[in-house]
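# Summary of the model geometry
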Amino acid sequence: MFASALPIASCIALITNTVWIKGLIWKMFHVFQRPFPSGAQDIGFWQDILLIIATVAVVTNAGLIVFTMSTLNQFSDAFRFWTFILFQWICLAIQV
């Protein structure tokens, strides 16, 4: 755009952009290096979170199976509720 007014501007822009990119590369490889991995005994607090998620998943899936399965529609709601409780506790016992 300004090539007719200052023809050397494109060369200066090329040089400054090259220097800027080289600076970014140096910063990426020398300043912001990935830390060295260190060993841990276990996954810490995430174990509790994953256990809670697994428990909620068991309850949710047991409810979906018992209350939406068309083969159990012929039984009463009380029977389906107790089937839900029994199925849930069996799945939780297997999980442990």
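In what follows, the structure referred to is the one given above.
Residues numbered from 1 in each chain as written. Predicted model: local features only at pLDDT ≥ 70, side-chain atom pairs only at ≥ 80, totals over all residues. Heavy atoms only, no water.

### What to know about the overall build of the protein chain
If you tally the helices and strands in the protein chain, you get three helices and zero strands. The secondary structure elements of the protein chain, listed N-terminal to C-terminal, are α-α-α. Dimensions of the protein chain along its principal axes, counting C-alpha atoms only, are 90 × 40 × 15 Å. Within the structure as shown, the protein chain displays about 8,600 Å² of accessible surface, and the carbon and sulfur contribution to it stands at 74%. (Helix = DSSP H or I, 4+ residues; strand = E, 2+ residues; numbered from the N terminus. Areas by Shrake-Rupley, 256 points an atom, 1.4 Å probe, with all protein chains shown as cover.)

### Quick word on helix H2 (residues 46-68)
For H2, built from 23 residues, the straight-helix expectation of 33 Å at 1.5 Å per residue is met to within 8% by its first-to-last C-alpha distance of 32 Å. If you check which residues of H2 are buried, you get Val 58, Ala 62, Gly 63 and Val 66. In this structure, the buried residues of H2 make contact with helix H3 (77-95). (Expected span 1.5 Å × (residues − 1). Buried < 20%, exposed > 50% of the residue type's maximum accessible area, 1.4 Å probe, protein only. Contact = heavy atoms within 4.5 Å.)

### Looking at the packing of H2 against H3
H3 packs onto H2 with a crossing angle of 145° between their chain directions and a minimal axis gap of 9 Å. When you trace H2 past H3, the crossing you get is right-handed. Of H3, the residues touching H2 (which contributes Leu 51, Ala 54, Thr 55, Val 58, Val 59, Ala 62, Gly 63, Ile 65, Val 66 and Phe 67) are Arg 80, Phe 81, Thr 83, Phe 84, Phe 87, Gln 88, Cys 91, Leu 92 and Gln 95. (Axes fitted to C-alpha atoms, helices over the stretch in contact; angles between N-to-C directions. Left-handed = near helix turned anticlockwise from the far one by under 90°.)

### Observations regarding the packing of aromatic side chains
Under the defined criterion, the tally for this structure stands at three aromatic pairs. Geometrically, the ring pair formed by Phe 67 and Phe 84 is tilted, given 5.5 Å between the ring centres and 45° between the ring planes. Here the residue Phe 67 occupies a position in helix H2, and Phe 84 occupies one in helix H3, the gap between them amounting to 17 residues. Seen in terms of ring centroids, Phe 81 and Trp 82 are 5.4 Å apart; in terms of plane orientation they differ by 70°. Their pairing is edge-to-face. (Phe/Tyr/Trp six-rings, centres within 6.5 Å; stacked < 30°, edge-to-face > 60°.)

### Brief notes about a nonpolar patch on the surface
Residues Trp 20, Ile 21, Leu 24, Ile 25, Met 28 and Phe 29 make up a contiguous nonpolar surface patch of roughly 640 Å² in combined accessible area. Relative to the assigned elements, Met 28 resides in helix H1 (residues 9-31). (Patch = residues over 30% accessible without salt bridge, like charges linked within 9 Å, V, L, I, M, F, W, Y side chains within 5 Å. Salt bridge = Lys/Arg side-chain N within 4 Å of Asp/Glu carboxyl O.)

Any functional reading would require information beyond the geometric quantities listed.
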